[in-house]
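Okay, here's what each chain looks like letter by letter:
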Amino acid sequence: MTKILVVSAGMSQPSSTRLLADRLASATRDAVDGDITVDTVELRTFAHDITDHMLVGFAAPKLREVLDKLEAADGLILVTPTFTASYSGLFKSFIDTIDPDVMRDKPVVLAATGGTERHSLVLEYALRPLMAYLRAAPVATAVYAASSDWGNETQLQQRIERAAEEFAIAMSRRPATEDDDPFVNPVPFTQLLSDAAT
């Protein structure tokens, strides 16, 4: 079972950011072979919990559930609106709540929305460096949707489908992760005693 977590940082409702997130999730369902589960999280509903986490250093139960889903996911679709030529503050605050080790080598689709095409480089100059810091593995195709792109469905859909195909391939090539559970293979008691005697 392939588990995908979609994170939308859209602030309005309805939101073009959520619309792009849903389109990417749908294309991913079509591209992945086998069973797939897709969970979508709208960060606006967790804004207070995210702020509280930054202030007190631990996650409230609802935010903890999201972070657990993120850790368990085989891949992530991250979509943010563009603010001041970068990702939104809510998106960055959420990223700051994530343990960086959780993101290591995790396949990611990066996407953003904005009013104008001039901000499309937010994907390369803001989001990719952030993923590099977290040692995530974003796919080559990132998707930017300006307001005018919603009137040109063919080109936008081609980018979405290309990103979804790359995402599906990246997840299929990722080696299965094993939980480091210390209780699965405990050290035998006799060995502990002999180690203590020496």
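To start, this report covers the structure provided alongside it. Throughout, residues of each chain are indexed from 1 in the direction in which the sequence is written. Per-residue local features are limited, in this predicted model, to residues with pLDDT of at least 70; the limit for side-chain atom pairs, both in listing and counting, is 80 or more; totals at the level of whole chains, interfaces and linings are taken over all residues. The basis for every side-chain value is the complete set of heavy atoms in the structure, and neither hydrogens nor water enter the calculation.

**Notes on the overall build of the chain**
The line we're drawing: Starting at the N terminus, helices and strands are each numbered in turn, a helix being any DSSP run of H or I of at least four residues and a strand any DSSP run of E of at least two. The buried label goes to any residue with under 20% of its type's maximum accessible area, the exposed label to any with over 50%, and the partly exposed label to all in between, with areas taken from a 1.4 Å probe on protein chains only. Contacts are assigned to residue pairs that have any heavy atoms within 4.5 Å of one another. The accessible surface values rely on the Shrake-Rupley method and a 1.4 Å probe; as for residues, cover is taken only from the protein chains in view. Two residue types count as positive, namely Lys and Arg, and two as negative, namely Asp and Glu; His and chain ends fall outside the count. Think of each charge as sitting on NZ of Lys, CZ of Arg, CG of Asp or CD of Glu.
When helices and strands are tallied, the chain shows 7 helices and 7 strands. Considering only C-alpha atoms, the chain reaches an extent of 75 × 40 × 25 Å along its principal axes. The 198 residues of the chain split such that 44% are buried. Pairs at least 24 residues apart make up 79% of the contacts formed inside the chain by residues separated by at least 6 positions. Accessible area of the chain: about 11100 Å², with a carbon and sulfur share of 52%. Charged side chains of the chain number 18 positive and 28 negative; the gap between the two group centres comes to 5 Å.

**What to know about the packing of helix α2 (residues 47-56) against helix α4 (residues 89-96)**
Under the convention used in this document: Note on geometry: axes are C-alpha line fits, over the in-contact stretch for helices, and angles between N-to-C directions span 0 to 180 degrees. Every angle not falling under 35 degrees, over 145, or within 65 to 115 is termed oblique; those three ranges are roughly parallel, roughly antiparallel and roughly perpendicular. What makes a crossing left-handed is the near helix being turned counterclockwise from the far one by less than a right angle; a clockwise turn instead makes it right-handed. Classification convention: Asp, Glu, Lys, Arg as charged; Ala, Val, Leu, Ile, Met, Phe, Trp, Tyr, Cys, Pro as nonpolar; all other residues, Gly among them, as polar.
Running from amino to carboxyl end, α2 crosses α4 at an angle of 50°, the nearest separation of the two axes being 9 Å. Judged on the interaxial angle alone, α4 and α2 are oblique. As α2 runs across α4, the sense of the crossing is left-handed. Residues Ala47, Ile50 and Met54 of α2 form the contact with α4, whose own contacting residues are Leu90, Ser93, Phe94 and Asp96. Looking at side-chain class alone, the contact of α2 with α4 contains 5 nonpolar, 1 polar and 1 charged residues.

**Considering α4**
Looking at α4, one finds that the buried residues are Leu90, Phe91, Ser93, Phe94 and Ile95. Tucked into the core, α4 has its buried residues touching β1 (2-8), α2, α3 (61-72), β3 (75-83), β4 (86-87) and α5 (122-134).

**Things to note about the environment of Glu161**
With respect to the helices and strands, Glu161 occurs in helix α6 (residues 153-173). Along the chain, Glu161 and Ser26 lie 135 residues apart, while their C-alpha atoms are 9.3 Å from each other.

**Structural notes on unusual backbone geometry**
Pro14 follows Gln13 through a cis peptide bond whose omega is 0°. Take Pro14: it is sitting in the loop between β1 and α1 (16-31). For Thr84, which is not glycine, the phi dihedral falls at a positive 50°. Phi angles above zero are rare outside glycine, and Ala85 is one such case at about 60°. Among the secondary structure elements, Ala85 is positioned in the loop between β3 and β4.

**Considering a nonpolar patch on the surface**
Note the threshold: Patch membership needs two things, relative accessible area over 30% and no salt bridge, and members are linked within 9 Å if like-charged or within 5 Å if nonpolar (Val, Leu, Ile, Met, Phe, Trp, Tyr). A pair is scored as a salt bridge if a Lys or Arg side-chain nitrogen falls within 4 Å of a carboxyl oxygen belonging to Asp or Glu.
Taken together, the side chains of Leu55, Val56 and Phe58 make up a nonpolar region of the molecular surface, amounting to roughly 360 Å² of accessible area. Along the chain, Leu55 falls in helix α2.

**Some points on the packing of aromatic side chains**
Which entries qualify depends on this criterion: In this scheme Phe, Tyr and Trp rings, the latter by its six-membered ring, pair at centre separations within 6.5 Å, and the angle between planes marks the pair as stacked below 30 degrees, edge-to-face above 60, and tilted otherwise.
Evaluation of the coordinates by the stated rule reveals 1 aromatic pair. On the numbers, 6.0 Å between centres and 45° between planes, the contact of Tyr87 with Phe91 is tilted.

**A closer look at the packing of α4 against α5**
Where α4 meets α5, the closest approach of the two axes is 12 Å, and the angle between their N-to-C directions is 5°. Relative to α5, the element α4 is oriented roughly parallel. Facing α4, whose interface residues are Phe91, Lys92 and Ile95, α5 presents Leu127, Leu130, Met131 and Leu134. For the contact of α4 with α5, the residue count by class is 6 nonpolar, no polar and 1 charged.

**Here's the deal with the side chain of Thr82**
By the element assignment, Thr82 lies in strand β3. Once residues lying within four places of it in the same chain are set aside, the contact partners of Thr82 are Ala112, Thr113, Gly114, His119, Val122 and Tyr144.

**Some words on the environment of Val7**
Looking at the secondary structure, you find Val7 in strand β1. Sequence separation between Val7 and Thr51 is 44 residues, and the spatial gap between their C-alpha atoms is 17 Å. Residue contacts for Val7: discarding those within four places in its chain leaves Val41, Leu43, Ile77, Leu78, Val79 and Phe94.

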